[in-house]
Amino acid sequence: MMNNMKSPSQQIGEFSITAISDGYLSASLDLLSNISPTDAFELQQGAGATDPSSIHINCYLVRGRGRTVLIDAGAGGFKQWGGQLQANLARAGVHPSDIDTILLTHAHPDHIGGLVDSSGDAAFPDAELVVHPHEVDFWEDDGHLGRASERARGNFLFARKVFDRYREKMRASTHDDILPGISAVPLPGHTAGHSGYRIESCNRSLLVWGDIVHFPQIQIAHPDVSIAFDQDPLLSADTRSRLLDVVSSDKLLIAGMHLGELGFAHIERAGKRYQMAYDT
Ligand SMILES: [Zn+2]
Ligand SMILES: [Zn+2]
């Protein structure tokens, strides 16, 4: 689908940001709360979704000010999800060793799977891995692991494996300024350390908002709809509502890991509802 398409791209002052597709994952609409699967299905169909229960996975390549940065790394084939990142990076002219920094929004498998290759080694051997300390603490806490469901247990073990591969090059995103022109924005609720990244240059800015939504056509119009992947459904709904208010008022360009293949959008207020308009 994406393969013959040029990857969507935006220029923010000195930075060029390119949406790099990793492909799709499949998730049931039953995982949504505060909406019936039937209503969710109808919203997806009304928005023209060919497969209403599939979720697109984007990563973002940021080039500028002498840096080549990747924000999240897709699923890398974990549970047969995604796996297109490397091919699409190559298509954008980027070799894995060109990536000097990887910024993680959080450590769910559809964001970190692409950090390891099929033999389990670091897929980006020269990259520093920047991640919120609460995120690392959460996945490495044996108490949380002990209380986890069977499905979640696999996520813990996988996150630990990936962190181990990058251990010597991990940096905690404790400071606002991660790199010149790029700052971390805490967006709590989806996971313990879920963070967005704001890119600013020459009076333009872009917010990469991570997993604020999984089904944008449903959750932007209905911000109270959470998904089972949200560790704290109420807090993530609250964060989503507040953020939609801010980004629509500020007319801020946004990018998100589950925003669709086009990758960049604005949020507009339409009466009492929000709606998304892609920037192409
Ligand atoms: Zn997630
Ligand atoms: Zn995700």
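Quick look at the structure, then. Bear in mind that the values here come from a model prediction, so they are computed numbers and not experimental data.

Procedures and definitions
- Residues numbered from 1 in each chain as written.
- Chains lettered and ligands numbered in written order.
- Predicted model: local features only at pLDDT ≥ 70, side-chain atom pairs only at ≥ 80, totals over all residues.
- Heavy atoms only, no water.
- Donors = N, O, S within 2.8 Å, 3.2 Å for Na, K, Ca; no water.
- Helix = DSSP H or I, 4+ residues; strand = E, 2+ residues; numbered from the N terminus.
- Buried < 20%, exposed > 50% of the residue type's maximum accessible area, 1.4 Å probe, protein only.
- Pairing = 2+ DSSP bridges.
- Axes fitted to C-alpha atoms, helices over the stretch in contact; angles between N-to-C directions.
- Contact = heavy atoms within 4.5 Å.

1. Some points on the coordination of the zinc ion (ligand 2)
Then comes step 1: Note on the zinc ion (ligand 2): its protein donors are Asp110 (OD), His111 (NE2), Asp211 (OD) and His258 (NE2). The metal-donor distances range over 2.1 to 2.2 Å.
Then comes step 2: Read in sequence order, the donor residues coordinating the zinc ion (ligand 2) give the pattern D-H-x99-D-x46-H.

2. Section: unusual backbone geometry
Then comes step 1: In the Ramachandran plot, Asp72 falls in the positive-phi region, its phi being about 65° despite a non-glycine side chain.
Then comes step 2: By the element assignment, Asp72 lies in the loop between β5 (67–71) and α2 (85–91).
Then comes step 3: Given the relative accessible area of 0%, Asp72 is considered buried.
Then comes step 4: At Gln80, a residue that is not glycine, the phi angle is positive and equals roughly 65°.
Then comes step 5: Structurally, the position occupied by Gln80 is in the loop between β5 and α2.

3. Considering the environment of Ala270
Then comes step 1: In this fold, Ala270 is placed in strand β15 (residues 264–270).
Then comes step 2: By relative accessible area, which is 33% here, Ala270 ends up partly exposed.
Then comes step 3: Measuring from C-alpha to C-alpha, the distance between Ala270 and Ala221 comes to 9.4 Å, with 49 residues separating the pair along the chain.

4. Re the sheet that holds strand β11 (residues 195–201)
Two modes of strand pairing occur in sheets, parallel and antiparallel, and in both the strands are linked by backbone hydrogen bonds.
Then comes step 1: Pairing is mixed in the open sheet, where seven strands are placed in the order β9-β10-β11-β12-β14-β15-β16. Looking at strand neighbours, the two that pair on one side only are β9 (177–179) and β16 (273–278), the edges of this open sheet. Direction aside, neighbouring strands of the sheet carry axes that sit 35° apart on average.
Then comes step 2: Contacting β12 (204–208), β14 (253–255), β15 and β16, helix α8 (residues 233–249) runs over the sheet at an angle of about 95° to β15.

5. Focus: the sheet that holds strand β1 (residues 9–12)
Then comes step 1: Within the open sheet, the seven strands sit side by side as β1-β2-β4-β5-β6-β7-β8. Their pairing is mixed. Of all strands in the sheet, those bounded by a partner on one side alone are β1 and β8 (170–172). Within this sheet the neighbouring strands show an average axis-to-axis angle of 25°, counted without direction.
Then comes step 2: Relative to β5, strand β4 (residues 54–64) runs antiparallel, the two sharing five bridges. Looking across to β5, one finds that Tyr60 is bridged to Ile71.

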